[in-house]
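Residues per chain, in single letters:
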Amino acid sequence: MKQDILLCDLDAFFASVEQRDNPELKGKPVIVGGDPDSRGVVSTCSYEARRFGIRSAISMKEALRLCPEAVTLPVNMPRYKEVSDQVMDIFYMFTPDIEQVSIDEAYLAVKAGTGLDKARKIRSAVREELHLPLSIGVSLNKLLAKIACSLAKPDGIRAIYPEDVEKILWPLPVSFLPGVGPVTEQKLNNFGIKTVGDLASLPLEALESIAGSSAVAAELKEYALGRDSRKLELNAVRKSISEEITFPQDIYEKDYILDVLFDLASETGYRLRSKGLKARTVGLKLKLPDFSIKTRSLTLPGATASDEKIYRAVSELFTRCCGNPPWRLVGIRVSGLERGSQLSFFPEENRKKEIITPVLDMLRQRYGRDVIFKGRRLLLLKKDNFKL
Ligand code: TTP
Ligand code: MG
């Protein structure tokens, strides 16, 4: 099946989170890294700091010499991990086919022909919901998606299709290709091979004698021609599962939101059970009238995949923090996922449900989402023919 491949990579990730969380840092050179007095190195820096020549992995001392007025901050890894999960969550709303390659970078596979459109939507969602800049490369393979993303940075979208290889890829320095680090680049440069185009036009035998290995030479040649057969190594286990709905109009009734949450909780529970997972943390997401997004979460005493328990947690969160109507969007996110046995959803307390839920799940799996639902969902569907 043909697919478009996206490479999504946040810009200056750690520094962007810091700038977002402390608006005083916006527009300023910000360096995140170790302690300058104990040989710390730069993890990353804002694009404002990059203008001074600061880069990841140089010493903090050197960075401060390049830009003495830069603001330096320590690495707050738990915070960046949390934000990374929220970003991946948004990606999962667009496709289940994801290979996360680092804390702020992932390949996404989407239906052929939809890549650019999806990229625009994903970038807007990350900007709107998390206020973070994201760049996306769009193509038909990992190599070109990754290169397109580097060209799109910062905060842009760029596509490279096979027909663009000559025009876009070939003029680039060879260091844009995977596996071409400073040593290989120097070696190739010594033979007069500076651009990807130079590499593409080199006979394979000549490349073999420079690279010293026929396998490496063959791979480099493929890359130089814009070809890449590497598959996405899809993430085996999700870190979280989200369900949300944006209403076509403002909703003023609390009860209506609770009905929708009940439905979303059932969907979330079903998705957990179908993957044999349980969640420890349940989160609520709301879009308020000023379009700001509010999220709140609750850690449960034990992991669960029960619709009712998820609903109880989100309805409690909603009652606590709903603010004033109207609401435009509600969502549920469960995280802290653990493997659970597929049949032990409902422990001691409710024998009847223990039998009923697997049966409902089985029917649902066989006949689809709208064939089987519990009473409360029926109410919701009847209310205004709302089709989720
Ligand atoms: P990158 O995506 O490589 O860098 P970045 O997001 O800061 O900047 P951009 O993508 O716009 O070029 O890495 C993601 C995070 O990983 C980065 O914010 C900090 C961390 N990191 C390190 O701690 N050390 C490093 O040497 C690098 C490269 C990154
Ligand atoms: Mg990045």
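Residues numbered from 1 in each chain as written. Chains lettered and ligands numbered in written order. Predicted model: local features only at pLDDT ≥ 70, side-chain atom pairs only at ≥ 80, totals over all residues. Heavy atoms only, no water.

J.: Help me understand the confidence of the model for the protein, please; the structure alone is not making it clear to me.
T.: Detailed reading of the predicted coordinates is not advisable wherever pLDDT falls low. Summarising the model, the protein shows a mean pLDDT of 89, and 88% of its residues fall at 70 or more. In this model residues 342-351 is a low-confidence stretch, pLDDT under 50, and it forms 20 contacts with partners more than four residues away in sequence or in other chains. Considering only residues more than four positions removed or in separate chains, one finds that residues 382-388, a stretch of pLDDT under 50, has 16 contacts. (pLDDT = per-residue confidence, 0-100. Contact = heavy atoms within 4.5 Å.)

J.: Can you help me understand the pattern of salt bridges in this one?
T.: Oppositely charged side chains are able to pair whenever their charged atoms sit close together. Here the structure, examined in full by the defined rule, presents 22 salt bridges. Between Glu62 and Arg65 there is a salt bridge, with the nearest N and O atoms lying 3.0 Å from each other. One end of the pair is Glu62 and the other is Arg65, both in helix H3 (residues 60-66) and three residues apart, which spans about a single turn. Among the residues examined, Arg65 registers a relative accessible area of 57% and is labelled exposed. (Salt bridge = Lys/Arg side-chain N within 4 Å of Asp/Glu carboxyl O. Helix = DSSP H or I, 4+ residues; strand = E, 2+ residues; numbered from the N terminus. Buried < 20%, exposed > 50% of the residue type's maximum accessible area, 1.4 Å probe, protein only.)

J.: When you look at the site of ligand 1 in this model, what are you seeing that I'm missing?
T.: The immediate surroundings of ligand 1 are formed by 13 residues, with Ala12, Thr44, Tyr47, Arg50 and Asp104 found nearest. Coverage of ligand 1 by the protein amounts to 69% of the 560 Å² it exposes when considered alone. Counting only elements with at least two residues in the shell around ligand 1, the list comes to strand S1 (3-10), helix H1 (13-21), strand S3 (42-45) and helix H2 (47-50). Residues belonging to the shell around ligand 1 are distributed by class as follows: five nonpolar, three polar and five charged. (Near = heavy atom within 4 Å. Areas by Shrake-Rupley, 256 points an atom, 1.4 Å probe, with all protein chains shown as cover. Nonpolar A, V, L, I, M, F, W, Y, C, P; charged D, E, K, R; others polar.)

J.: How should I be thinking about the packing of helix H10 (residues 204-211) against helix H11 (residues 214-224) in this particular structure?
T.: The axes of two packed helices give the description: the angle between them and the distance between them. Axis separation between H10 and H11 bottoms out at 8 Å; the angle between their running directions is 125 degrees. Put simply, H10 runs oblique to H11. Crossing hand, H10 versus H11: right-handed. Between H10, through Leu204, Leu207, Glu208 and Ala211, and H11, the contact on the second element is made entirely by Ser214, Val216, Ala217, Ala218, Leu220 and Lys221. Residue composition of the contact of H10 with H11, by class: seven nonpolar, one polar and two charged. (Axes fitted to C-alpha atoms, helices over the stretch in contact; angles between N-to-C directions. Parallel < 35°, antiparallel > 145°, perpendicular 65-115°, else oblique. Left-handed = near helix turned anticlockwise from the far one by under 90°.)

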